[in-house]
Amino acid sequence: MHPFRWVPADGGRHATADVRLAGAYATGETIVALCARKVTVAKSTEVAWLWPTCAECNSEAHALAESGAER
Ligand SMILES: [Zn+2]
């Protein structure tokens, strides 16, 4: 289990280490993504999950996963 989650936000799929205990994000909530952008969580529809993956979040997530997920 890595300390980040993917969330659909602002027209893309971003990863965030802003992990909630409940494991879910509220629609309209502002989170800080791994790309350091503040993004607004979108409604988690099937279409939202087809949005393009944020490239910076993707590389950050890979770096986290490869480093043994220490944060
Ligand atoms: Zn991002």
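Residues numbered from 1 in each chain as written. Predicted model: local features only at pLDDT ≥ 70, side-chain atom pairs only at ≥ 80, totals over all residues. Heavy atoms only, no water.

Student: So, the confidence of the model for the protein: which residues are in play, and what are the values?
Tutor: Of the residues in the protein, 87% have a pLDDT of 70 or more, and the chain-wide mean is 87. Ranking the elements of the protein by mean pLDDT puts strand β1 (residues 5-9) last, at 92, and strand β4 (residues 38-40) first, at 96. (pLDDT = per-residue confidence, 0-100. Helix = DSSP H or I, 4+ residues; strand = E, 2+ residues; numbered from the N terminus.)

Student: With reference to specific residues and values, describe helix α1 (residues 55-66).
Tutor: Counted at 1.5 Å a residue, the expected span for α1 with its twelve residues is 16 Å, and the 17 Å between its end C-alpha atoms agrees. Regarding α1, the residues found buried are Cys57, Ala61 and Leu64. An end-on view of α1 places all buried positions within 60 degrees of arc, on one side of the element. The outward face of α1, more than 90 degrees from its buried face, is lined by the exposed residues Ala55 and Glu66. In this fold, the buried residues of α1 make contact with β1 and β2 (12-16). (Expected span 1.5 Å × (residues − 1). Buried < 20%, exposed > 50% of the residue type's maximum accessible area, 1.4 Å probe, protein only. Arc of directions from axis to C-beta. Contact = heavy atoms within 4.5 Å.)

Student: Account for the pairing of β2, with residues named and values stated.
Tutor: Most of β2 is tucked away, with five of its five residues classed as buried. Residues Gly12, His14 and Thr16 line one face of β2 and the alternating positions Arg13 and Ala15 line the opposite face, and both faces are buried. What sits between β1 and β2 in their antiparallel hairpin is a turn of two residues, with Asp10 showing a positive phi close to 50 degrees. (Pairing = 2+ DSSP bridges.)

Student: Lay out the nonpolar core with the relevant residues and their values.
Tutor: Counting 15 residues, the largest nonpolar core has Phe4, Ala15, Ile31, Leu34 and Cys57 as the members making the most contacts within it. For this core, the secondary structure elements donating two or more residues are β1 and α1. It is α1 that provides the largest number of residues to this core, a total of three residues. Once residues within four sequence positions are removed from consideration, Phe4 is found in contact with Ala15, Thr16, Ala17, Val19, Leu34, Ala61 and Leu64. (Core = buried A, V, L, I, M, F, W, Y, C linked by side-chain atoms within 4.5 Å.)

Student: Before we move on, can you summarise the coordination of the zinc ion with the specific residues and values?
Tutor: The protein atoms that coordinate the zinc ion are His14 (ND1), Cys35 (SG), Cys54 (SG) and Cys57 (SG), at distances spanning 2.0 to 2.4 Å. One can describe the site at the zinc ion as tetrahedral: its four donor atoms subtend angles covering 103 to 116 degrees at the metal. Here the donor residues for the zinc ion map to a single chain with the spacing H-x20-C-x18-C-x2-C. Of this pair, His14 sits in strand β2 while Cys57 sits in helix α1, and the two are 43 residues apart along the sequence. By relative accessible area, which is 6% here, His14 ends up buried. (Donors = N, O, S within 2.8 Å, 3.2 Å for Na, K, Ca; no water. Tetrahedral: all angles 85-135°; square planar, octahedral: opposite > 155°, others 65-115°.)

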